[in-house]
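# Residue-level structural notes
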Amino acid sequence: MPFTWGTFALLALLLACIGSALPSHSHGSRSALPGTWFHPPGHPVHALFRRQNGTALSTDGISYPPVGSPTWAAAYPSSTPDAGAMPQAWKDALNTAVQAGKIPNVPISSGPNNGMPVYPPGSNPNSPQVCSATYKCRIQGDVWDAPQGVIGISFDDGPLPPSDRLYNFLQMNNVKATHFFIGVNIISYAQAFLTAFNVNQDDIAVHTWTHPHMTTLSNEDVVAQLAWSMELIHNSTGGRVPKFWRPPYGDTDVRVSAIAKEVLGLTTIVWNQDTQDWTLGTNGTSATTPAQIHNNMQAWLTGNYSPGLIILEHELTDQSVQAFIDNYPLIGVNNWKPVSVVELDGLNAPYQNAQGTTGPVTAADILTDVNASSPPLGLAGPGKAAASNSSSSTTDHSTSSSASSTAGANGSIKNNGASSTSTPGVLRLIVMTVFATSLAASSL
């Protein structure tokens, strides 16, 4: 039959009906923005824009005194900090945590006796009520082991004169490490600190202000030792808030670890093997030797891959640095993966308020929110898998009028109900129908 305006009108009406019957795509909307403005630390986008060594690091935008300047050094204790003189906000945060029942009432230890803290009669250091790490009691949330086949690289007690040689070796071999720094050593060796942070772009963590046995201290003194170290690192790294600490001598218990976590947001990292390298060159009967360290490293690195290794090592003396350099090839030969110890969880979050080591920094104070309740951080102890990053909400609320929607496994919106007709589809049908009717009328 001939093609007429009437025919065209009927075709247009048919197309409109087909178009309206097709399911419209869903415009799911989240109920709220995520808690952070950036992608999660593990997001692949960070690998695309990660800064390389030698480039400038991000800061929180606040101006701090130059590291190493008299003004910078004058703001901190010159030796053991006086807890009575610490900022009132730190005292208040501790008191709030105690009153909230978040700090266990564990007796202060004395000693140590042959390296072991001594608790009052009736306090068992291996009991859950005390759980002394020196006695190898593992506190829930503290970190002792690395993932399978991974060795966590870290060094204690710096920065010191032997540190420069270590930093050169790490940089030449492209090794990323965590440095558990002592506060007074940062003040004394500011240039070495800057080399570790700015040049090597290694991770900086807390090793207290003066390296005391922490379980022998009062609650207030524990806060002073940790908070002054955090404040110094914060003000010397462009505003980064440390996220991890290591107790000197491994001396912590449920009280000390709780203060670190609940008041200051710090996760405790211990170790599962000890080189005893801090005894090199000493005259003690228990002093080790380079040969003994090599034999131990050989045994550990040719042994089981599970659990992974966190080995206690120091940048304390030329001998301890040399011991690491001498034994480093064993890591690659035995197919271990070296990772900076504070990055063992794979979250790329060595600091509380920054993305990675060099990424964006959000202005933040060193105090945590003691009124908030949060699970232990992702690093896992024995028998527990490292937690994945799941900070964003998994619940979505769609605006569809007749079908519910939920987030799929990959976070995308999935439609659960029957198809629905959207408002644009209805308008399209009305307009096309009117147009078709007009054309049909004009052709008659």
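Residues numbered from 1 in each chain as written. Predicted model: local features only at pLDDT ≥ 70, side-chain atom pairs only at ≥ 80, totals over all residues. Heavy atoms only, no water.

### Let's talk about empty space enclosed by the protein
We apply this condition: Both site types are read off a 1 Å grid over the protein atoms alone. A 1.4 Å probe that fits but cannot get out defines a cavity, while an open set with protein on both sides within 12 Å along at least five of seven lines defines a pocket; lining residues have an atom within 4 Å of a point. Grid points are joined across faces, edges and corners, and a volume is the space filled by probe spheres set on the points. Helix and strand definitions here come from DSSP, where helices need a minimum of 4 consecutive H or I residues and strands a minimum of 2 consecutive E residues; each element is numbered from the N-terminal end. Residues are grouped as follows: Ala, Val, Leu, Ile, Met, Phe, Trp, Tyr, Cys and Pro are nonpolar; Asp, Glu, Lys and Arg are charged; every other residue, Gly included, is polar.
Inspection of the entire model under this criterion finds 1 cavity of 30 Å³ or more. Considered as a void within the structure, the largest cavity measures approximately 30 Å³ in volume. Those elements giving two or more residues to the lining of the largest cavity turn out to be helix H10 (290-301) and helix H11 (318-327). A per-element tally of the lining of the largest cavity places H11 first, with 4 residues. Considered class by class, the residues forming the lining of the largest cavity number 4 nonpolar, 3 polar and 2 charged.

### Remarks on the packing of helix H8 (residues 219-236) against helix H9 (residues 254-264)
Put simply, the test is: For every element, the axis is a line fit to its C-alpha atoms; helices are fit only across the contacting stretch, and the angle between N-to-C directions ranges from 0 to 180 degrees. When an angle is under 35 degrees it counts as roughly parallel; over 145 it counts as roughly antiparallel; between 65 and 115 it counts as roughly perpendicular; any other value is oblique. Take the far helix as your reference; a near helix turned counterclockwise from it by less than a right angle gives a left-handed crossing, and one turned clockwise gives a right-handed crossing. Pairs of residues are marked as contacts when any of their non-hydrogen atoms sit within 4.5 Å.
Packing of H8 against H9 brings their axes to within 10 Å, and their N-to-C directions diverge by 50 degrees. As judged from the angle between their axes, H8 and H9 are oblique. Our pair here, H8 against H9, has a crossing hand that is right-handed. Where H8 abuts H9, its residues Asn219, Val222, Val223, Leu226, Ala227 and Met230 lie against Arg255, Val256, Ile259, Ala260 and Leu264.

### Structural notes on the pairing of strand E4 (residues 150-156)
Selection rule: Throughout, exposure labels follow a simple rule: accessible area from a 1.4 Å probe, protein chains only, divided by the maximum for the residue type, with under 20% read as buried, over 50% as exposed, and the rest as partly exposed. For two strands to be treated as a pair, DSSP must find at least two bridges joining them. Place the viewer so that the strands point away; then a crossover is right-handed whenever the path from the first strand over the helix to the second strand goes clockwise.
Of all 7 residues that make up E4, 7 are buried, and the element is covered over most of its length. Side chains Val150, Gly152, Ser154 and Asp156 project from E4 onto one buried face, and the interleaved Ile151, Ile153 and Phe155 project onto a second face that is buried too. Across 4 bridges, E4 lies against strand E11 (residues 337-340) in parallel orientation. Across the sheet, residue glycine 152 finds its bridge partner in E11, namely valine 339. Pairing analysis gives 2 bridges linking E4 to strand E10 (residues 309-312), with the strands arranged parallel. Residue glycine 152 lies in a different strand from E10, and its bridge partner there is isoleucine 310. Each parallel crossover has a hand, and for E4 linked through helix H5 (residues 163-172) to strand E5 (residues 178-181) it is right-handed.

### Focus on the packing of H5 against helix H7 (residues 190-199)
Taken N-terminus to C-terminus, the directions of H5 and H7 make an angle of 15 degrees; their axes are 10 Å apart at the nearest point. By the angle between their directions, the pair H5 and H7 is classed as roughly parallel. Of the two possible hands of crossing, H5 and H7 adopt the one that is left-handed. Contact residues: Asp164, Tyr167 and Gln171 in H5; Ala192, Thr195, Ala196 and Val199 in H7.

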